[in-house]
Amino acid sequence: MYTQNTPVHVKLWHHDFWRLALANLLMTMSVYMFIPVLPQWLSAYGTTLPGYAMVAYLVGIYTLGGFCSYLIQRFRRSHVCITAVLVMAICTALMFYFPSILCNSTEMIPGMLILSRFLVGAAFGLAQMILTSTLVIDTCESFQRTEANHSAAWFGRFALSLGPILALCVMRFYSFQWVVAASLVCAVISCVLLFMVDFPFKAPDDEVPTYSLDRFFLPHGFPLFVNLLLCMIAVGIILSIEAEMLFYAMMMGGFLMALLTQKYVFSNAELKSEIVTGLILIGAAMLMLMTKKPIASNYIVPVFIGLGTGIIGTRFLLFFIKLSKHCQRGTSQSSYFLSWETGLWSGILIGICLQESGKGMLPETSLAITLVALLMYQFFTHSWYLKNKNR
């Protein structure tokens, strides 16, 4: 059985669960593929365009969350998720036309770019909330749900390295439009996998509010939300300057190491040790990045970032689950997703702004934010969580 200090291991072999987990991986890869290539590609046509793209996406992921509970009550939940992924794919496909428009006129690009990224964010946010808060849970027995959430989250976490690796590989041999095509293929395959899972019909509740925080945001989990957001801002700042396959490959190695450390290192460790260790690793990575030593920057730094992010992400996810009350598991998953995405893309936005301003100082800024996150967790968040947890 899972205990407070014992990490969860994959014990789920049901075909439907793995289809959903792979769908989550491909859907998230479809979005994360643009982390290393979109800012660079857009910066050639205007210094403010990458920033607009990040802000539009961030606004989008919050837009439909309040309607999530209503939509899955009034319509088949799997159909709503599939529709959202298809909308995401269609909006991504619009980017096929950006290069040809840019060749003739740059006046139309800002509006089209903002609309496209906003819709991608809205559709991805809705699809993720339904997939992680409802569909994954529905495929498992009640005693397996924490394991299911843990395993599905790791698939999404690996997309943070696999997506950029695929995009950079395509860009090396082809063009930006082929990256769009690869992203579109990932989204379509994700839809096919979702179609393959049969979900039983559930009668809707008698009174369902059109807009609610159910399956959207957990208000009493706000300290966890802010703390994880700070952690991911620190990571996002560094990802804004990295556009090498080696970096993301080594980062994936760090993710794999995080899985092993949870099983063999932290299984009987003190509860707060994981997040503290993860933040120390990220801080150490920033210090090594400041030295500008090639071996450290290319090999050790990405491993530390992947290892630290993996450890932190897993523990915060379990904190969100244990903080939630009865029937709030889905809401806790959505809150975790929003905190992760907001921090990651805000960090990328901050990194882009710092680079555009010419001030640099990206590792220093990331280190400062990491220290703030560590101090907040050490002196406030951990004790607050112990007093407020419900499981």
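All residue numbers refer to position in the chain's written sequence, counted from 1. It should be noted that, the model being predicted, local features are given only for residues of pLDDT at least 70 and side-chain atom pairs only at 80 or more, the latter also being counted only at that level, while totals for whole chains, interfaces and linings use all residues. Each side-chain value is derived from all of the structure's non-hydrogen atoms; neither hydrogens nor water enter the calculation.

**A look at the overall build of the protein**
Our working rule: Numbering of helices and strands starts at the N terminus; helices are DSSP runs of H or I of at least 4 residues and strands are runs of E of at least 2. The globule rule is 2.2 Å times the number of residues to the power 0.38, and the radius of gyration it is compared with is taken over C-alpha atoms. For every residue, the accessible area obtained with a 1.4 Å probe (protein chains only) is divided by the maximum for its type, and the residue is called buried under 20%, exposed over 50%, and partly exposed between those limits. By definition in these notes, contact holds between two residues if any of their heavy atoms fall within 4.5 Å. All accessible-area figures derive from a Shrake-Rupley calculation using a 1.4 Å probe, and residue coverage is judged against the displayed protein chains alone. When charges are counted, neither His nor the chain ends are considered; positive counts come from Lys and Arg and negative counts from Asp and Glu. Here the site of a charge means NZ on Lys, CZ on Arg, CG on Asp, or CD on Glu.
Secondary structure summary: the protein contains 15 helices and zero strands in total. Taking 2.2 N^0.38 as the reference for a compact globule, 391 residues should give roughly 21 Å; the C-alpha atoms of the protein span a radius of gyration of 20 Å, in line with that estimate. For the protein, with 391 residues in total, the buried portion stands at 61%. For the protein, the proportion of contacts with a sequence separation of at least 24, taken over those separated by at least 6, is 88%. When the accessible area of the protein is evaluated, it comes to approximately 16,000 Å², of which 67% is carbon and sulfur surface. Charged side chains of the protein number 23 positive and 17 negative; the gap between the two group centres comes to 6 Å.

**Here's the deal with a nonpolar patch on the surface**
Let me state the cut-off plainly: Residues enter patches when they are more than 30% accessible in relative terms and free of salt bridges; like-charged ones are connected within 9 Å and nonpolar ones (Val, Leu, Ile, Met, Phe, Trp, Tyr) within 5 Å. When a carboxyl oxygen of Asp or Glu is within 4 Å of a side-chain nitrogen of Lys or Arg, the pair counts as a salt bridge.
Residues Leu-246, Ile-295, Tyr-299 and Ile-300 make up a contiguous nonpolar surface patch of roughly 360 Å² in combined accessible area. A total of three residues in the nonpolar patch trace back to one element, the largest contributor, which is helix α13 (residues 294–323). Note that Ile-300 resides in helix α13.

**Some words on the packing of aromatic side chains**
The criterion, for reference: Here a pair means two rings of Phe, Tyr or Trp (six-membered ring of Trp) with centres within 6.5 Å. Their orientation is stacked below 30 degrees between planes, edge-to-face above 60, and tilted elsewhere.
Here the structure, examined in full by the defined rule, presents 19 aromatic pairs. Measuring from centroid to centroid gives 5.5 Å for Trp-154 and Phe-158, while their planes differ by 40°, and the two rings are tilted. Within this pair, Trp-154 and its partner Phe-158 are both found in helix α8 (residues 145–173), separated by four residues, close to a single helical turn. Accessibility expressed as a relative area gives 15% for Phe-158, which makes it buried. Here Trp-154 and Phe-255 contribute two aromatic rings whose centre-to-centre distance is 6.1 Å and whose plane-to-plane angle is 80°, an arrangement assigned as edge-to-face. Of this pair, Trp-154 sits in helix α8 while Phe-255 sits in helix α11 (residues 245–264), and the two are 101 residues apart along the sequence.

**Structural notes on the confidence of the model for the protein**
Close reading of the predicted structure is inappropriate where its pLDDT is low. Put simply, the rule is: The predictor attaches a confidence to each residue, and that confidence, scored 0 to 100, is pLDDT.
For the protein, per-residue confidence averages 87 on the pLDDT scale, and residues scoring 70 or more make up 91% of the total. The element-level mean pLDDT for the protein is lowest in helix α6 (residues 98–104), coming to 57, with helix α10 (residues 222–239) highest at 96. Under a pLDDT of 50 for its full length, residues 1–13 has, in the predicted model, 41 contacts with residues more than four places off or in other chains.

**Topic: unusual backbone geometry**
Phi at Arg-215 takes a positive value of approximately 60°, unusual for a residue other than glycine. Locating Arg-215 in the fold gives a position in the loop between α9 (176–195) and α10. Even without being glycine, Lys-292 reaches a positive phi, approximately 60°. In this structure, Lys-292 sits in the loop between α12 (273–291) and α13. Residue classification places Lys-292 among the exposed positions, given a relative accessible area of 69%.

**Digging into the packing of helix α3 (residues 49–63) against helix α14 (residues 329–357)**
The following threshold applies: Helix axes are fitted to C-alpha atoms over the stretch in contact, other axes to C-alpha atoms as well, and angles between N-to-C directions run from 0 to 180 degrees. Working rule for angles: under 35 degrees goes down as roughly parallel, over 145 as roughly antiparallel, 65 to 115 as roughly perpendicular, anything else as oblique. Crossing handedness is read from the near helix: turned anticlockwise from the far helix by less than a right angle, it gives a left-handed crossing, and turned clockwise, a right-handed one. Three classes are used, and their members are as follows: Ala, Val, Leu, Ile, Met, Phe, Trp, Tyr, Cys and Pro are nonpolar, Asp, Glu, Lys and Arg are charged, and the others, Gly among them, are polar.
The contact between α3 and α14 brings their axes to 9 Å, and the two run at 165°. As judged from the angle between their axes, α3 and α14 are roughly antiparallel. Relative to α14, α3 is oriented so that their crossing is left-handed. Taking contact as the criterion, the partners of Pro-50, Gly-51, Met-54, Val-55, Tyr-57, Leu-58, Ile-61 and Tyr-62 in α3 are, on α14, Leu-338, Glu-341, Thr-342, Trp-345, Ser-346, Ile-348, Leu-349, Ile-352 and Glu-356. For the contact of α3 with α14, the residue count by class is 12 nonpolar, three polar and two charged.

**Overview of the pattern of salt bridges**
For the structure on display, the rule yields three salt bridges. Residue Arg-19 pairs with Asp-16 through a salt bridge whose shortest N-O separation is 2.9 Å. You can see Arg-19 and its partner Asp-16 sitting in helix α1 (residues 15–32), three residues apart, about one turn around the helix. On the accessibility criterion, Asp-16 (17% relative accessible area) is buried. Between Arg-77 and Asp-138 there is a salt bridge, and its shortest N-O distance comes to 2.7 Å. Taken together, the residues span a long stretch of sequence, with Arg-77 in helix α5 (residues 77–93) and Asp-138 in helix α7 (residues 109–138) at a distance of 61 residues. Residue Arg-77 is classed as buried on the basis of its relative accessible area of 8%. Taking the relative accessible area as the measure of exposure, Asp-138 reaches 27% and is therefore partly exposed.

**Overview of the environment of His-79**
Note on placement: His-79 falls in helix α5. Under the relative-accessibility criterion, His-79 is labelled partly exposed at 42%.

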